[in-house]
Amino acid sequence: MNTSHDAPPSAETMLARSVGNISDRKKVMILDDHPVVRSGLVRLLSSDALLFVAGEFSRSQQLLFAMARNPPDIALVDYQLAPDDCDGLNLLIRLRKYHQTTKIVVVSAIELQSNITAALRAGAHAFVGKSQNPDTLMKTVRSVLRGAQYHIPTSGRLDEDRRAPQAQLSDREREVLRCCLEGMPTKAIAEKFKRQQSTISTQKSSAYRKLGIRSDQELFRFQDRVLNMLDGEA
């Protein structure tokens with residue numbers, strides 16, 4: 001009776017199989033302006049046998065150019081990039097417009113409710129704070145690839161007597177408000193738009209006055225309505 005068994009595959013065969021299976025893995029691209037963060041994300045994502053890191057970038061234009069040539073299955077993007085780069089909200093809007101099949105996960109150190117809601121409304125499939133542990137990020141990536149979407153409940157509304165629906169904001173006031181809703185401090189906004197901090201403060205105060213908003217806390221409380229207004233004026 002023949003009792004022989006098939007020999008186990010050689011190391012060369014296993015390597016060939018793994019290389020051949022790269023096309024079956026989900027392509028991931030990463031956008032973050034901090035090299036240490038990018039390196040950590042690449043290492044983490046590469047540890048999953050179902051994922052393949054197809055590119056890492058520090059600038060939004062680099063990511064957009066790479067996606068135009070070779071769209072990934074999923075992209076992990078920071079919400080607040082360098083001061084002279086695109087803001088997170090406009091980047092997400094552009095990604096959703098031109099790359100509708102790519103899943104988007106926002107990974108941000110600024111974990112404000114306003115950022116989360118704005119990102120999801122702009123088309124992100126999930127939002128993960130950088131304070132979360134790596135397992136949470138990996139579970140989120142897998143869930144999004146399976147078709148899950150993370151929804152955040154809407155929050156407050158402006159009081160009826162102070163909602164100022166017809167407030168006419170200037171283009172620069174709208175820019176400043178968007179940055180405030182992204183959690184950017186006055187100094188960072190001034191650097192982004194190359195203006196004086198005093199100018200940014202004046203534009204912010206003017207926008208608050210026109211909208212009947214009295215504090216930063218109130219802005220975040222009513223951020224849904226403010227965002228709707230800003231999107232309607234865009």
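Below or above, wherever it landed, is the structure these notes cover.

**Focus: empty space enclosed by the protein**
Link 1 in the chain: Within this structure, the stated rule accounts for one cavity of 30 Å³ or more.
Link 2 in the chain: The computed volume of the largest cavity comes to approximately 50 Å³.
Link 3 in the chain: Every residue along the wall of the largest cavity is listed here: Tyr 79, Gln 80, Leu 81, Ala 82, Pro 83, Cys 86, Asp 87, Gly 88, Glu 182, Met 184 and Lys 192.

**Topic: the pairing of strand E4 (residues 103-108)**
Link 1 in the chain: Buried residues dominate E4, accounting for five of its six residues.
Link 2 in the chain: Strand direction decides the pairing type here: strand E3 (residues 74-77) and E4, joined by four bridges, are parallel. Bridging across to E4, Leu 76 finds its partner in Val 105.
Link 3 in the chain: What joins E3 to E4 is helix H4 (residues 88-98), and the crossover it makes is right-handed.
Link 4 in the chain: Where E4 meets strand E5 (residues 126-129), four bridges bridge the pair, whose relative direction is parallel. For Val 106, the partnering residue across the bridge sits in E5 and is Phe 127.

**A short note on the pattern of salt bridges**
Link 1 in the chain: Within this structure, the stated rule accounts for nine salt bridges.
Link 2 in the chain: Among the salt bridges present, the one from Lys 130 reaches Asp 78, with a minimum N-O distance of 3.4 Å. Of the two residues, Lys 130 sits in the loop between E5 and helix H6 (134-145) while Asp 78 sits in the loop between E3 and H4, which places them 52 residues apart along the sequence.
Link 3 in the chain: Take Lys 130: its relative accessible area is 28%, and that puts it in the partly exposed class.
Link 4 in the chain: The shortest N-O distance in the salt bridge between Arg 174 and Asp 171 comes to 2.3 Å. Of the two residues, Arg 174 and Asp 171 are both situated in helix H7 (residues 171-181); the distance of three residues between them amounts to about one turn of the helix.
Link 5 in the chain: For Asp 171, a relative accessible area of 53% corresponds to the exposed category.
Link 6 in the chain: Look at the salt bridges and you will find they share partners, linking Asp 32, Asp 78 and Lys 130 into a network.

**Focus on the sheet that holds E3**
Link 1 in the chain: With parallel pairing, five strands are arranged side by side in an open sheet as E2-E1-E3-E4-E5. Only two strands of the sheet have a single partner each, and these edge strands are strand E2 (51-57) and E5. Direction aside, the axes of adjacent strands within the sheet are offset by 20° on average.
Link 2 in the chain: The sheet contact formed by strand E1 (residues 26-31) and E3 spans four bridges and is parallel. For Leu 31, the partnering residue across the bridge sits in E3 and is Val 77.
Link 3 in the chain: Sheet contacts for helix H2 (residues 35-46): E1, E2 and E3; angle to E2, the most-contacted strand, approximately 170°.
Link 4 in the chain: Docked against the sheet, H4 engages E1, E3 and E4, running at close to 165° with respect to E4.

**Points about the nonpolar core**
Link 1 in the chain: By size, the foremost hydrophobic cluster in this structure holds 44 residues, and its most contacted members are Val 77, Leu 92, Val 106, Leu 177, Leu 219 and Val 226.
Link 2 in the chain: Val 42, Ala 126, Val 141 and Val 144 belong to the second-largest nonpolar core, a separate cluster that totals 18 residues.

**Considerations on the packing of H7 against helix H8 (residues 186-193)**
Link 1 in the chain: H8 packs onto H7 with a crossing angle of 130° between their chain directions and a minimal axis gap of 10 Å. With respect to H8, the axis of H7 lies oblique. For the element pair H7 and H8, the recorded crossing hand is right-handed. Of the residues in H8, those in contact with Glu 175, Val 176, Cys 179 and Cys 180 of H7 are Ile 189, Lys 192 and Phe 193.
Link 2 in the chain: Residues of the contact of H7 with H8, tallied by class, amount to five nonpolar, no polar and two charged.

**A short note on the packing of aromatic side chains**
Link 1 in the chain: Under the definition given, this model contains zero aromatic pairs.
Link 2 in the chain: The ring of Phe 193 has Lys 192 lying over it, and the distance from NZ or CZ to the ring centre is 5.9 Å.

**Observations regarding the environment of Lys 130**
Link 1 in the chain: Distance from Lys 130 to Ala 109, taken between C-alpha atoms, is 4.9 Å for residues 21 residues apart in sequence.
Link 2 in the chain: Those residues within four positions of Lys 130 in sequence are excluded, and the remaining contacts are Asp 32, Val 37, Asp 78, Val 107, Ser 108, Ala 109 and Glu 111.
Link 3 in the chain: Reaching out from Lys 130, the side chain makes a polar contact with the side chain of Asp 32 at a distance of 2.8 Å.
Link 4 in the chain: Within the local environment of Lys 130, its side chain forms a polar contact with the side chain of Asp 78, the two groups lying 3.4 Å apart.

What counts as what
Residues numbered from 1 in each chain as written. Predicted model: local features only at pLDDT ≥ 70, side-chain atom pairs only at ≥ 80, totals over all residues. Heavy atoms only, no water. 1 Å grid on protein atoms, 1.4 Å probe; cavity = no way out; pocket = protein on both sides within 12 Å on 5 of 7 lines; lining within 4 Å. Points joined across faces, edges and corners; volume = space filled by probe spheres on them. Buried < 20%, exposed > 50% of the residue type's maximum accessible area, 1.4 Å probe, protein only. Helix = DSSP H or I, 4+ residues; strand = E, 2+ residues; numbered from the N terminus. Pairing = 2+ DSSP bridges. Right-handed = clockwise from strand over helix to strand, strands pointing away. Salt bridge = Lys/Arg side-chain N within 4 Å of Asp/Glu carboxyl O. Axes fitted to C-alpha atoms, helices over the stretch in contact; angles between N-to-C directions. Contact = heavy atoms within 4.5 Å. Core = buried A, V, L, I, M, F, W, Y, C linked by side-chain atoms within 4.5 Å. Parallel < 35°, antiparallel > 145°, perpendicular 65-115°, else oblique. Left-handed = near helix turned anticlockwise from the far one by under 90°. Nonpolar A, V, L, I, M, F, W, Y, C, P; charged D, E, K, R; others polar. Phe/Tyr/Trp six-rings, centres within 6.5 Å; stacked < 30°, edge-to-face > 60°. Lys NZ or Arg CZ within 6 Å of the ring centre and 35° of its normal. Polar contact = N/O pair within 3.5 Å; in protein donor to acceptor, adjacent residues only side chain to side chain.

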